[in-house]
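# Notes for the structure review
Here's the letter readout for the chains.
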Amino acid sequence: MTDREIQNAPIRWKTPGAGFIGAGGFVVLVDRDPDPFPCVVFDGTEEEREAHERTCRETWATAWALEGDTLEEARQALAERRFLGAAYHLSDCELLEDRPPEDSS
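Quick summary incoming for the structure in this document. (Residues numbered from 1 in each chain as written. Predicted model: local features only at pLDDT ≥ 70, side-chain atom pairs only at ≥ 80, totals over all residues. Heavy atoms only, no water.)

## A word on the overall build of the chain
Counting its regular elements, the chain contains 3 helices and 5 strands. In terms of C-alpha radius of gyration, the chain reaches 14 Å, essentially the compact-globule figure of 13 Å for 105 residues. Considering only C-alpha atoms, the chain reaches an extent of 45 × 35 × 20 Å along its principal axes. Of all 105 residues assigned to the chain, the portion counted as buried reaches 34%. (Helix = DSSP H or I, 4+ residues; strand = E, 2+ residues; numbered from the N terminus. Rg over C-alpha atoms; globule rule 2.2 N^0.38 Å. Buried < 20%, exposed > 50% of the residue type's maximum accessible area, 1.4 Å probe, protein only.)

## Things to note about the packing of aromatic side chains
Throughout the structure, instances matching the rule amount to 2 aromatic pairs. Centre to centre, the rings of W13 and F26 are 5.0 Å apart; their planes meet at 80°, and the pair counts as edge-to-face. Linking W13 in strand β1 (residues 11–14) with F26 in strand β2 (residues 25–38), this pair joins segments that are 13 residues apart in sequence. With respect to burial, W13 and F26 carry one shared label: buried. (Phe/Tyr/Trp six-rings, centres within 6.5 Å; stacked < 30°, edge-to-face > 60°.)

## A short note on the pattern of salt bridges
Using the criterion set out here, one finds 6 salt bridges in the structure. Connected through salt bridges with shared partners, the residues E46, R49 and E53 form a single ionic network. (Salt bridge = Lys/Arg side-chain N within 4 Å of Asp/Glu carboxyl O.)

## A closer look at the nonpolar core
The biggest cluster of nonpolar side chains holds 12 residues, and these are I6, A9, I11, W13, F26, V28, V30, L66, L71, A74, A77 and L78. Elements supplying a minimum of two residues to this core: β1, β2 and α3 (71–79). Among the elements that make up this core, the one with the highest residue count is α3 (4 residues). L29, W60, A65 and L90 belong to the second largest nonpolar core, which has 9 residues in total. (Core = buried A, V, L, I, M, F, W, Y, C linked by side-chain atoms within 4.5 Å.)

## Regarding the side chain of K14
Tracing the backbone shows K14 in strand β1. Here the side chain of K14 touches A18 through a polar contact of 3.1 Å, landing on its backbone oxygen. Among all residues touching K14, those that are not within four sequence positions of it are I21, A23, G24, G25, V27, A87, L90, E94 and L95. (Polar contact = N/O pair within 3.5 Å; in protein donor to acceptor, adjacent residues only side chain to side chain. Contact = heavy atoms within 4.5 Å.)

## Here we look at the environment of E53
The topology assignment puts E53 in helix α2 (residues 46–55). A C-alpha to C-alpha distance of 4.9 Å links E53 and P38, two positions 15 residues apart in sequence. The contact partners of E53, leaving out residues within four places of it in the chain, are P38, C39 and V40.

## Thoughts on the state of the cysteines
Evaluated as defined, the whole model comprises 0 disulfides. C93 provides the cysteine sulfur closest to C56, a residue in no disulfide bond, and the two sulfurs are 3.5 Å apart. For C93, a relative accessible area of 35% puts it in the partly exposed group. (Disulfide = S-S within 2.5 Å.)

Structure, rendered in structure tokens:
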């Protein structure tokens, strides 16, 4: 992925525990899995789990964690290339458009 592609890649809120990183936080999605497979992150009945696996995919092989408590701060961190590390194997259901209100402090 080129620097320009990284700068234009989507930024999402990663839920706590996703991508082998304990805390929730903003990530930039840099490496789409060429062959996404069913998400196995789900607690519920067997029927609910099977339905979830049919619709949710582990789409992102790698995402880079960004500094920032807000989406704007995360965008600024990306522009300044301030990364905290990497998260791996993120599923669609583990990513949100923005930080949820209950996670704000």
